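Coordinates in review
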Amino acid sequence: MSKMYELARERYAALGIDTEKALAQLQDFHLSMHCWQADDVAGFEATGDLTGGIQATGNYPGKARNIDELRADILKAKSLIPGKHRLNLHEIYGEFGGQKVDRDEVDVKHFQGWMDWSRENDTPLDFNSTSFSHPKSGNLSLSHPDKAIRDFWIEHTKRCRTIADAIGKNQGDPCIMNVWVHDGCKDQSVNHYMYRALLKDSLDKIFAEKKENMKDCIEGKVFGIGLESFTVGSHDFYTAYAAKNGKIPTIDTGHYHPTESPADKVSALLQFVPELMLHVSRPIRWDSDHVTLMDDGTLDLFSEIVRAGALERVHYGLDYFDGAINRIGAYVIGSRAAQKCMLRALLEPTDIIRRYELEGKTAQVLTYLEEAKAMPWGAVYDEFCERNNVPVGESYLKEVEAYEKEVTLKR
Ligand code: RNT
Ligand code: ZN
């Protein structure tokens, strides 16, 4: 135990906070790392461009080109992140063995290798259907007026649920499956009621079959690039759908109006839905998917979860993809930043602040919130890294740089 940690433990104890308890809670805080930072959301179909209103910018050398490279990169990143974490897969990351497997043909067998990998590496998996980057996606998929196209995507998403269920069974822990579709209109349009009725109907068909080993999440957003005027799966649409059907809304922190607070959704939604999925990201001016940092928005989000006593009701996915920086570094920086936000939330002297708030003593509330910012939480995080045998502080960079030199720059 370091001297710094011992001092920190005493300072927190004086506020009634047990740092050992916070460390144990942080150990039990599992991120679902998104596989798609490793290759800028390309996947293994090799069909071409990223479409569906999302964009990865930058051309930093060394992205993963195949499943072996992707797995190696993920394991490298995981070795520099304390704790045990999950991996979030998209359907386009299946093991297709060089065959063309269309989205309505995908099968559990294409993920058998991932399931084996998951067991070997003690990394539970989560899953996502993939409606973007495909000739049949266009501007509309599950809400397409053409029944044949809708049916294609319904079949795809049903198959993804079957795969997620097999994954959940394999790992003895539910696989969290996210549905995000980009459906929308670039310009003025008048058939909104119809598109949303079609999306509702498609979702009803997709979710009709009960599955024991997976959980469904649905992710709304404000707009996508090239689909600026209208989004079929808006937040109102999915919030209502989730509340009515007991589904899990996904809060992607880049999917709201710039001054809207994703953190404020937590205590509202959890009154009506069983659980939440997060896509923690960092939007710069739009849903730009910059690497997560320890910023106010992320701190607020995790603090609201802890204050709501909802740690166990939330799944902690990451969702960013920056093609302009070292991608292993991106994983490590973002994952560690998310952990730091959670640790700071766990170390907040909330009981004291709650009492002052109920007594109407705002200066006291602000004092404790402000002073918490300068408390020695960094020493507690360093201790966490040490106990988990991963590099403390910026020393992980040496390993990121060595891996770049020896592996990714040779690609
Ligand atoms: C897009 C959504 C979605 C994707 C991933 C790749 O705006 O955030 O979650 O980022 O599915
Ligand atoms: Zn997302």
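Look above for the structure.
Values in this document were obtained by computation on a predicted structure and should not be read as measured data.

Definitions and limits used
- Residues numbered from 1 in each chain as written.
- Chains lettered and ligands numbered in written order.
- Predicted model: local features only at pLDDT ≥ 70, side-chain atom pairs only at ≥ 80, totals over all residues.
- Heavy atoms only, no water.
- Axes fitted to C-alpha atoms, helices over the stretch in contact; angles between N-to-C directions.
- Helix = DSSP H or I, 4+ residues; strand = E, 2+ residues; numbered from the N terminus.
- Parallel < 35°, antiparallel > 145°, perpendicular 65-115°, else oblique.
- Contact = heavy atoms within 4.5 Å.
- 1 Å grid on protein atoms, 1.4 Å probe; cavity = no way out; pocket = protein on both sides within 12 Å on 5 of 7 lines; lining within 4 Å.
- Points joined across faces, edges and corners; volume = space filled by probe spheres on them.
- Nonpolar A, V, L, I, M, F, W, Y, C, P; charged D, E, K, R; others polar.
- Donors = N, O, S within 2.8 Å, 3.2 Å for Na, K, Ca; no water.
- Tetrahedral: all angles 85-135°; square planar, octahedral: opposite > 155°, others 65-115°.
- Buried < 20%, exposed > 50% of the residue type's maximum accessible area, 1.4 Å probe, protein only.
- Pairing = 2+ DSSP bridges.
- Right-handed = clockwise from strand over helix to strand, strands pointing away.
- Near = heavy atom within 4 Å.
- Polar contact = N/O pair within 3.5 Å; in protein donor to acceptor, adjacent residues only side chain to side chain.
- Areas by Shrake-Rupley, 256 points an atom, 1.4 Å probe, with all protein chains shown as cover.
- Sits in = over half its atoms within 2 Å of the grid points.
- Phe/Tyr/Trp six-rings, centres within 6.5 Å; stacked < 30°, edge-to-face > 60°.

1. What about the packing of helix α1 (residues 3-14) against helix α2 (residues 19-27)?
Contact geometry for α1 and α2: axes closest at 9 Å, N-to-C directions at 110°. In this view, α1 runs roughly perpendicular relative to α2, as classed from their interaxial angle. Side by side, α1 and α2 meet where Tyr5, Ala8, Arg9 and Tyr12 of the first sit next to Thr19, Glu20 and Leu23 of the second.

2. A closer look at empty space enclosed by the protein
Rolled over the atoms, a probe sized like a water molecule indicates the empty space that remains. Taken as a whole and judged by the stated rule, the model has 3 cavities of 30 Å³ or more. The space that makes up the largest cavity amounts to roughly 150 Å³. As for the largest cavity, its lining consists of 18 residues, of which Ile54, His90, Trp180, Glu219 and Asp319 are closest to the centre. When its residues are assigned to classes, the lining of the largest cavity shows 6 nonpolar, 6 polar and 6 charged.

3. What to know about the coordination of the zinc ion (ligand 2)
Protein-derived ligands of the zinc ion (ligand 2) are Glu219 (OE), Asp252 (OD), His279 (ND1) and Asp319 (OD), with the metal-ligand distances lying across 2.1 Å. One can describe the donor arrangement at the zinc ion (ligand 2) as octahedral, given that its 6 donor atoms subtend angles of 72 to 174° at the metal. Here the donor residues for the zinc ion (ligand 2) map to a single chain with the spacing E-x32-D-x26-H-x39-D. Separated by 60 residues along the polypeptide, Glu219 in strand β6 (residues 214-219) and His279 in strand β9 (residues 276-280) bring together distant segments of the chain.

4. Observations concerning the pairing of strand β2 (residues 86-90)
Counting buried residues along β2, 5 of its 5 residues qualify, which places the element largely inside the surrounding structure. Where burial is concerned, the two faces of β2 agree: the one with Arg86, Asn88 and His90 and the one with Leu87 and Leu89 are both buried. Looking at chain direction, strand β1 (residues 31-34) and β2 are connected through 3 bridges and run parallel. Bridge pairing links Ser32 to Arg86 in β2. This β-α-β element, β1 to helix α3 (residues 67-79) to β2, shows right-handed connectivity. Where β2 and strand β3 (residues 125-128) come together, 4 bridges link them in parallel fashion. The partner of His90 across the bridge, within β3, is Asn128. Between the parallel pair β2 and β3, the chain is carried across by helix α4 (residues 112-120), and the sense of this crossover is right-handed.

5. A short note on the site of ligand 1
All residues adjacent to ligand 1 are Trp36, Ile54, His90, Trp180, Glu219, Lys221, Asp252, His255, His279, Asp287, Asp319 and Phe321. A distance of 2.7 Å is found between an oxygen atom of ligand 1 and a side-chain nitrogen or oxygen belonging to His90. Protein chains bury 100% of the 310 Å² of accessible surface belonging to ligand 1 in isolation. When atom positions are compared with the pocket grids, ligand 1 is found to occupy the largest cavity. The residue inventory of the shell around ligand 1, partitioned by class, reads 4 nonpolar, 3 polar and 5 charged.

6. Details of the packing of aromatic side chains
Scanning all chains against the criterion turns up 14 aromatic pairs. Centre to centre, the rings of Tyr195 and Phe230 are 6.2 Å apart; their planes meet at 40°, and the pair counts as tilted. In this pair, Tyr195 sits in helix α6 (residues 192-206) while Phe230 sits in strand β7 (residues 230-231), placing the two residues 35 residues apart along the sequence. Grouping residues by exposure puts Tyr195 and Phe230 together as buried. Between the aromatic rings of Phe207 and Tyr241, the centroid separation amounts to 6.1 Å while the plane-to-plane angle is 50°, which identifies the pairing as tilted. Residue Phe207 is found in the loop between α6 and β6, and its partner Tyr241 is found in helix α7 (residues 235-245); the two are separated by 34 residues along the sequence.

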